[in-house]
Amino acid sequence: MEITGSLATIGYGLAAIGPGIGVGIIFGMGVQAIARQPEARGVLTTQMIFGFAVVEALAILGFVLAIIQQ
C-alpha cells in the first residue's frame, strides 16, 4: 500500500485544533464573565477580542508553515 499526499495538510489540520479549542474557551468564559458582571462588558469585550487575535495568530502561523513546507 502506497500513501501519497502532503503531510503538511495533516499538520495544519492538527495545528488548527488548538486555536479552535482556545477560541471556544475565550468566548465561553467571556460570556460567563459578562453574565456575572454586566457592568464590566466593555473591558471584558476588549480582552476577549485581544485574546481571540492572539489565538488566531497561531492558526495563521500553522497555515503559513504548511504552505512553506510544500
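Rules used throughout
Residues numbered from 1 in each chain as written. Predicted model: local features only at pLDDT ≥ 70, side-chain atom pairs only at ≥ 80, totals over all residues. Heavy atoms only, no water. Helix = DSSP H or I, 4+ residues; strand = E, 2+ residues; numbered from the N terminus. Rg over C-alpha atoms; globule rule 2.2 N^0.38 Å. Buried < 20%, exposed > 50% of the residue type's maximum accessible area, 1.4 Å probe, protein only. Contact = heavy atoms within 4.5 Å. Areas by Shrake-Rupley, 256 points an atom, 1.4 Å probe, with all protein chains shown as cover. UniProt positions renumbered as here; feature names shortened; annotations may be inferred. Phe/Tyr/Trp six-rings, centres within 6.5 Å; stacked < 30°, edge-to-face > 60°. Expected span 1.5 Å × (residues − 1).

Looking at this structure, I do not really get the overall build of the chain. What am I missing?
The helix and strand tally for the chain stands at 2 helices and 0 strands. Whereas a compact globule of 70 residues would reach a radius of gyration of roughly 11 Å, the chain reaches 17 Å, over 25% beyond that. Projected onto its principal axes, the C-alpha coordinates of the chain cover approximately 60 × 25 × 5 Å. Within the chain, buried positions represent 17% of all 70 residues. Of the contacts formed within the chain by residues at least 6 apart in sequence, a portion of 70% connects residues at least 24 apart. For the chain, the exposed surface amounts to about 5400 Å²; the carbon and sulfur share of it is 71%.

Would you take a moment to explain the UniProt feature "domain: V-ATPase proteolipid subunit C-like" (unreviewed entry) in the chain for this structure?
Residues annotated in UniProt with the feature "domain: V-ATPase proteolipid subunit C-like" (unreviewed entry) correspond here to residues 8-68. The span residues 8-68 shows a helical share of 93% and a strand share of 0%, and its end C-alpha atoms are spaced 9 Å apart.

I'm lost on the UniProt feature "transmembrane region" (unreviewed entry) in the chain in this one. Help?
Here, the residues flagged by UniProt with the feature "transmembrane region" (unreviewed entry) are residues 12-35 and 47-68. Across residues 12-35, the secondary structure splits into 100% helix and 0% strand, with the terminal C-alpha atoms separated by 35 Å. Spanning residues 47-68, this segment combines 100% helix with 0% strand, and its end C-alpha atoms are found 32 Å apart.

Sorry if this is basic, but what is going on with the packing of aromatic side chains here?
Centre distance and the angle of the planes are the two values used to describe a pair of aromatic rings. One pass over the full model with this rule turns up 2 aromatic pairs. On the numbers, 5.4 Å between centres and 65° between planes, the contact of Tyr12 with Phe63 is edge-to-face. With Tyr12 in helix H1 (residues 7-36) and Phe63 in helix H2 (residues 41-69), the pair connects residues that are 51 residues apart, well separated along the chain.

Could you clarify how one ought to interpret H1 in this entry?
If you check H1, its first and last C-alpha atoms are 45 Å apart, about what 30 residues at 1.5 Å a residue would give, namely 44 Å. Regarding H1, the residues found buried are Ala8, Pro19, Gly22, Val23, Gly30 and Ile34.

Looking at this structure, I do not really get the environment of Leu44. What am I missing?
Examined against the element boundaries, Leu44 turns out to sit in helix H2. Sequence separation of Leu44 and Val31 is 13 residues, and the distance between their C-alpha atoms is 8.9 Å. The contact partners of Leu44, leaving out residues within four places of it in the chain, are Ala33 and Ile34.

Help me understand the environment of Gly20 in this model?
Checked against the element boundaries, Gly20 lands in helix H1. Judged by its relative accessible area of 45%, Gly20 falls in the partly exposed class. With 39 residues separating them in the primary sequence, Gly20 and Ala59 have C-alpha atoms 8.4 Å apart.

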